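Coordinate analysis (summary)
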Amino acid sequence: MITVGAAWIWARAVEALEKVGTSTAEGTKELLYAESGQRFFAKVFDEDLVVLVGDADSFEVTARTESGDEEKLSMRPLGKDNARFIGSLPTALGAPVKGDGTIQIRGGDQVSMVYQDVNTSSGDRNQKVLSTTKMVSSASIGFTDGAYREYTNGVFVDQPCFSRVKDWDLDVTDQADTLDVEVFCQYKPEEEDDPTKSGIDLDEDEEVFESRHSLPITITETGPHTGIFTASIPVELVAPADEVPNNGDALYAKEGDQVVLSYRDRVHLNGEEPRELTYVAKILTGQVQDVDITINLVADAELKARKNLIEARLQLRLAEVFKDVGLNEKAAVKAQVGLDKAEEVIRIGIKSGINRSLIEQAYNATWDLMIVQDRLQD
């Protein structure tokens, strides 16, 4: 039994679903756009289905892509009139695999929906009603941490600058694709005092920046059919009185500058009018603070082993954090400290009769620390 409140919520949900998707009149030539990676919805309105579907509560339509995928969508009743049906499937980048329940697409793909209308207004039967949707990707860009996961508002000098662009439209082959972006440094020029002006200017214009150094770069897809492109470039600090070099593979900046990532998104959900995307971060000249651990001496063998094991795992966690943000040298140093602690546990275990599980945990920590150092063969 459905209560009055639940019934009202259900009715509102059905009403909202009836508005899902982009609808077109019959025979229209307009090309529709849908966001790649989102669930693909299809709706069918056909008053004949009230009788033709009968006791069966569903039927199928076919989704076909230009790249060769073909999937069946199970259409379910929507609303009270039994003439509206809705179905959906997930979309993903990839080579076409027919019948796997996912619409595989690639950049610029079009999806055609084919519905077998068994009784038309003109009396014809078995007419295929075709609508076509172009799958597009609204790009997103930014500077990230060393793992290319979290966006950041600051870039350290003398450290790599990590750039990330997500744009499924540029995934056009079965290999890792590439795209071009521009990274540049900008600064706010000093304003000269105007003796003729006094007080506060309420009509002050927006801040004006000038470009200091620009570096066009080519960034590479993280793998086949990921749609995510990444690259890292070094950022070098130039003294205030020095000239900025015009060559090299590094981005040159001065203290107080901003670093900007610029990208042109040529196709997106609003159409094929290109849009310019920019992402701004501050140049940071401070030092990354290290983390230290205070060590206390313990006399008992098993307590000492447990203490060393805890410290080894703490160093492992620190090493993993440093590696995630791209500070591989610091990660290797922390991992080596952890290895020394784990080896000490093993040495204590050989000399003394400590709990065997501590030795096993020390070996596990050793393996994890070696993985952080990329010592897979060891």
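To be clear, the structure that these remarks concern was listed above.
Here is a short report on the structure shown in this document. (Residues numbered from 1 in each chain as written. Predicted model: local features only at pLDDT ≥ 70, side-chain atom pairs only at ≥ 80, totals over all residues. Heavy atoms only, no water.)

1. Some thoughts on the overall build of the protein chain
Across its full length, the protein chain holds five helices and 18 strands. For the protein chain, buried positions account for 37% of its 378 residues. Partitioning the contacts of the protein chain with sequence separation of at least 6, the portion at a separation of at least 24 is 65%. (Helix = DSSP H or I, 4+ residues; strand = E, 2+ residues; numbered from the N terminus. Buried < 20%, exposed > 50% of the residue type's maximum accessible area, 1.4 Å probe, protein only. Contact = heavy atoms within 4.5 Å.)

2. A few points about the packing of helix H3 (residues 301-324) against helix H5 (residues 356-372)
At their nearest, the axes of H3 and H5 sit 10 Å apart, and the two run at 20° to each other. The orientation of H3 relative to H5 falls into the category roughly parallel. For the element pair H3 and H5, the recorded crossing hand is left-handed. Together, Glu302, Ala305, Arg306, Leu309, Ala312, Arg313, Leu316, Ala319, Glu320 and Lys323 of H3 and Leu358, Gln361, Ala362, Asn364, Ala365, Asp368, Leu369, Ile371 and Val372 of H5 make up the contact between the two elements. A breakdown of the residues in the contact of H3 with H5 according to their chemical character gives eleven nonpolar, two polar and six charged. (Axes fitted to C-alpha atoms, helices over the stretch in contact; angles between N-to-C directions. Parallel < 35°, antiparallel > 145°, perpendicular 65-115°, else oblique. Left-handed = near helix turned anticlockwise from the far one by under 90°. Nonpolar A, V, L, I, M, F, W, Y, C, P; charged D, E, K, R; others polar.)

3. Re the side chain of His213
Relative to the elements of secondary structure, His213 occurs in strand S14 (residues 210-221). His213 sits in the buried class, given a relative accessible area of 8%. Here Tyr252 takes part through its backbone nitrogen, which lies 3.1 Å from a polar atom of the side chain of His213. Filtering out sequence-adjacent residues up to four positions away, His213 remains in contact with Val183, Phe184, Cys185, Val244, Pro245, Ala250, Leu251 and Tyr252. (Polar contact = N/O pair within 3.5 Å; in protein donor to acceptor, adjacent residues only side chain to side chain.)

4. Quick word on the nonpolar core
Counting residues in hydrophobic clusters, the biggest one holds 27 residues, and the most contacted among them are Phe143 and Val259. Of all elements in the fold, only strand S10 (140-144), strand S12 (160-166), strand S13 (178-187), S14, strand S15 (228-237), strand S16 (251-253), strand S17 (258-265) and strand S18 (275-284) reach the threshold of two or more residues within this core. (Core = buried A, V, L, I, M, F, W, Y, C linked by side-chain atoms within 4.5 Å.)

5. Observations concerning the packing of aromatic side chains
To describe a pair of aromatic rings, one takes the distance between the centres and the angle between the planes. Scanning the model with the defined rule gives four aromatic pairs in all. Through successive ring pairs, a cluster of aromatic residues spans Phe143, Tyr151 and Tyr279. In this structure, Arg212 packs its charged tip against the face of Tyr187, placed 4.1 Å from the ring centre. (Phe/Tyr/Trp six-rings, centres within 6.5 Å; stacked < 30°, edge-to-face > 60°. Lys NZ or Arg CZ within 6 Å of the ring centre and 35° of its normal.)

6. Notes on H5
Its 17 residues give H5 an end-to-end C-alpha distance of 25 Å, which sits within 8% of 24 Å, the value for a rise of 1.5 Å per residue. By the burial criterion, the buried members of H5 are Leu358, Ile359, Ala362, Ala365, Thr366, Leu369, Met370 and Val372. In a view along the axis of H5, the buried residues occupy a sector of 145°, so they form one face of it. Of the residues one or two after H5, Asp374 is the one with positive phi, at around 60°. (Expected span 1.5 Å × (residues − 1). Arc of directions from axis to C-beta.)

7. What to know about the environment of Val337
Relative to the helices and strands, Val337 resides in helix H4 (residues 328-351). For Val337, a relative accessible area of 32% puts it in the partly exposed group. Along the backbone, Val337 and Gln315 are 22 residues apart, and their C-alpha atoms lie at a distance of 6.8 Å.

8. Let's talk about the pattern of salt bridges
Across all of its chains, the model carries twelve salt bridges by this definition. In this structure, Asp324 and Arg149 form a salt bridge, with 3.6 Å as the shortest nitrogen-oxygen distance. With Asp324 in helix H3 and Arg149 in the loop between S10 and strand S11 (154-156), this residue pair connects regions lying 175 residues apart in the sequence. Using a relative accessible area of 32% as the deciding quantity, one classes Asp324 as partly exposed. Residue classification places Arg149 among the exposed residues on the basis of a relative accessible area of 52%. Between Glu311 and Lys341 there is a salt bridge; the shortest N-O distance is 3.2 Å. Note that Glu311 is positioned in helix H3 and Lys341 in helix H4, a separation of 30 residues in sequence. We classify Lys341 as buried; its relative accessible area is 17%. (Salt bridge = Lys/Arg side-chain N within 4 Å of Asp/Glu carboxyl O.)

9. Let's talk about H3
Between its first and last C-alpha atoms H3 spans 35 Å; for 24 residues at 1.5 Å apiece the expected length is 34 Å, and the two agree. Along H3, the residues classified as buried are Ala305, Lys307, Asn308, Leu309, Glu311, Ala312, Gln315, Leu316, Leu318, Ala319 and Phe322. Where H3 terminates, the next one or two residues include Gly326, which has phi positive at roughly 90°.

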